[in-house]
Amino acid sequence: MDRVIPLDALVASLGDGLVRPLVAGPAGVGVSDIVIAEPGDADRDLTGDLVLGPAVVDGAGARDLLRRASASGAAGVVLRRGPARARGVRLTARQVGMALLELDDAASLVPVIALLGEIVGTASATGPARPDVGVEGDLLALADAAAGLVDAPVTIEDAQSRVLAYSSRQDVTDTARVSTIVGRRVPAALVAHYRSRGVFRRLARSDEPFLVSPGPGQEHPRFVVPVRAGGEWLGSIWAVVEGPPPVAVVVELRRAATVVALHLLRLRAQADLAQRVTAQRLRDLLSGASEAVETLPSPPWRVAVLGDGSAEGDAEIDRWVALLSRSGWRQPLVTTVDGRVHAVVSGATAAPSRQALPGTWPWLARLVAESVM
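Since the structure is predicted, the reported quantities are computational estimates derived from the model, not experimental observations.

**Describing the overall build of the protein chain**
Phase 1: When its secondary structure is counted, the protein chain shows 12 helices and 15 strands.
Phase 2: Counting the 373 residues in the protein chain, one finds 46% classified as buried.
Phase 3: Contacts in the protein chain between residues at least 24 apart in sequence constitute 62% of all its contacts with a sequence separation of at least 6.

Quick look at the structure:
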């Protein structure tokens, strides 16, 4: 791997759905790979590795793995809830200075290993940090598969009602579905309708699929399958139906939802890590610690200072990234230097008859002028 990913950034990007921190390791620890602990591998070099211990079933095994991982230079250890919370395990982690993470009991190990490996591999790559666009293709395939199961058009949406994928089948449509697909998000009136009827509250609290009666612009009911991971609501699968599907179909849809959940975790984590890695590379560049410019767009460049540095750094970055992303800049180049948020934009100017492109100096100047921060 060409770069390491800060362990705390990796854990934060996953949320609490799969992996939760129990003991923090030393500051600045980075992860370069994901490995499985093997019995008797005391001499193995684990420098920079995040070590998963699926064979560890008790406190003695957990304490032994923590000591071996620490001696071998590992970045952290991931254990199931039982051994991770056994007597003396967390104390041992603190004593040897090893980060200890807890894997959710409901999580299937093989997909989790693949998910972590893909996230670390994508974020560690050289060049501009970007989320893996292959996830979008996977979600489109899942939407088509779900549509085949339920014999109806399907959309896959995140928890903010943004459309992440939709099935190619279009034989049953209504105004609301067309508007949702074209706008890539559920129309505001329909969101308000769902919220007033407790649909989102139900999605957030339960993993049981349910039927939703037609709302504004809809001619048909929707069958909704919550997408969750480790108790966290990530999104949902929506099918345009005439009534509840057969029980056997619902079972298959729920299985599909577990696969969708892993993809949504992967998409969210990669996007979050991509932003964190980009911010660090920009910070190194602007502070003179690095001369690598592969993160930047084609020259000329301009650097703009955003805000007065009074807010917490990460929170301020997140606020600006959210604003810039909503306004059309797909991958905002934002970081903090000396407590102030900076944005690096293309210095190119648009022709008088053309609108300035997102990520350019004229576009940013107009956006800031129009926004009430």
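**Side note on the sheet that holds strand 14 (residues 334-337)**
Phase 1: With respect to topology, 3 strands assemble into an open sheet ordered 13-15-14, the strand pairing being antiparallel. Sheet topology places strand 13 (301-306) and strand 14 at the edges, where each strand pairs with a single neighbour. Between one strand axis and the next, the sheet turns by 35° as a mean value, whatever way the strands run.
Phase 2: Against the sheet, helix 10 (residues 247-286) engages strand 13, strand 14 and strand 15 (340-346), with an angle of about 45° to strand 14.
Phase 3: Relative to strand 15, helix 12 (residues 361-370) is tilted by about 135°, and along the sheet it contacts strand 13 and strand 15.

**Observations regarding the packing of helix 2 (residues 59-71) against helix 4 (residues 89-96)**
Phase 1: Interhelical geometry of helix 2 versus helix 4 gives an angle of 10° and a closest axis separation of 9 Å. Here helix 2 is positioned roughly parallel relative to helix 4, judged by the angle of their axes. On the side of helix 2, the interface is formed by G59, A62, R63, L66, R67 and S70, while helix 4 contributes V89, T92, A93 and V96.
Phase 2: For the contact of helix 2 with helix 4, the residue count by class is 5 nonpolar, 3 polar and 2 charged.

**Notes on the environment of A27**
Phase 1: Examined against the element boundaries, A27 turns out to sit in the loop between strand 2 (19-23) and strand 3 (30-31).
Phase 2: A residue is classified by how much of its surface remains accessible, and A27, at 83% relative accessible area, is exposed.
Phase 3: Once the C-alpha coordinates of A27 and P6 are considered, the two residues, 21 residues apart in sequence, prove to be 9.0 Å apart.

**Overview of empty space enclosed by the protein**
Phase 1: One pass over the structure, following the stated rule, counts 4 cavities of 30 Å³ or more.
Phase 2: By volume, the largest cavity amounts to about 140 Å³.
Phase 3: In this structure, the largest cavity is lined by 13 residues; those nearest its centre are T155, E157, T180, R222 and W238.
Phase 4: Of all the secondary-structure elements, those providing two or more residues to the lining of the largest cavity are strand 8 (154-158), helix 7 (175-183), helix 8 (188-196) and strand 12 (232-240).
Phase 5: Counted by class, the lining of the largest cavity contains 7 nonpolar, 3 polar and 3 charged residues.

**Details of unusual backbone geometry**
Phase 1: The phi dihedral of D151 is positive, around 55°, even though this residue is not glycine.
Phase 2: Relative to the helices and strands, D151 resides in the loop between helix 6 (134-150) and strand 8.

**Observations concerning the sheet that holds strand 6 (residues 76-80)**
Phase 1: Reading across the sheet, the 5 strands line up as 2-7-6-5-4 and stay open at both edges, with mixed pairing between neighbours. Lying at the two open borders of the sheet, with one neighbouring strand each, are strand 2 and strand 4 (33-36). Sheet twist, expressed as the average angle between the axes of neighbouring strands with direction ignored, equals 30°.
Phase 2: Its contacts with the sheet put helix 2 on strand 5 (49-52), strand 6 and strand 7 (99-103), and the angle it makes with strand 6 is roughly 165°.

**Points about the packing of aromatic side chains**
Phase 1: Per the counting criterion, the structure on display carries 3 aromatic pairs.
Phase 2: Look at Y194 and F200: their rings are 6.1 Å apart centre to centre, the planes differ by 85°, and that puts the pair in the edge-to-face class.
Phase 3: Accessibility expressed as a relative area gives 13% for F200, which makes it buried.
Phase 4: Taken together, Y194, F200 and W238 form an aromatic cluster joined through their ring pairs.

Cut-offs used in this document
- Residues numbered from 1 in each chain as written.
- Predicted model: local features only at pLDDT ≥ 70, side-chain atom pairs only at ≥ 80, totals over all residues.
- Heavy atoms only, no water.
- Helix = DSSP H or I, 4+ residues; strand = E, 2+ residues; numbered from the N terminus.
- Buried < 20%, exposed > 50% of the residue type's maximum accessible area, 1.4 Å probe, protein only.
- Contact = heavy atoms within 4.5 Å.
- Pairing = 2+ DSSP bridges.
- Axes fitted to C-alpha atoms, helices over the stretch in contact; angles between N-to-C directions.
- Parallel < 35°, antiparallel > 145°, perpendicular 65-115°, else oblique.
- Nonpolar A, V, L, I, M, F, W, Y, C, P; charged D, E, K, R; others polar.
- 1 Å grid on protein atoms, 1.4 Å probe; cavity = no way out; pocket = protein on both sides within 12 Å on 5 of 7 lines; lining within 4 Å.
- Points joined across faces, edges and corners; volume = space filled by probe spheres on them.
- Phe/Tyr/Trp six-rings, centres within 6.5 Å; stacked < 30°, edge-to-face > 60°.

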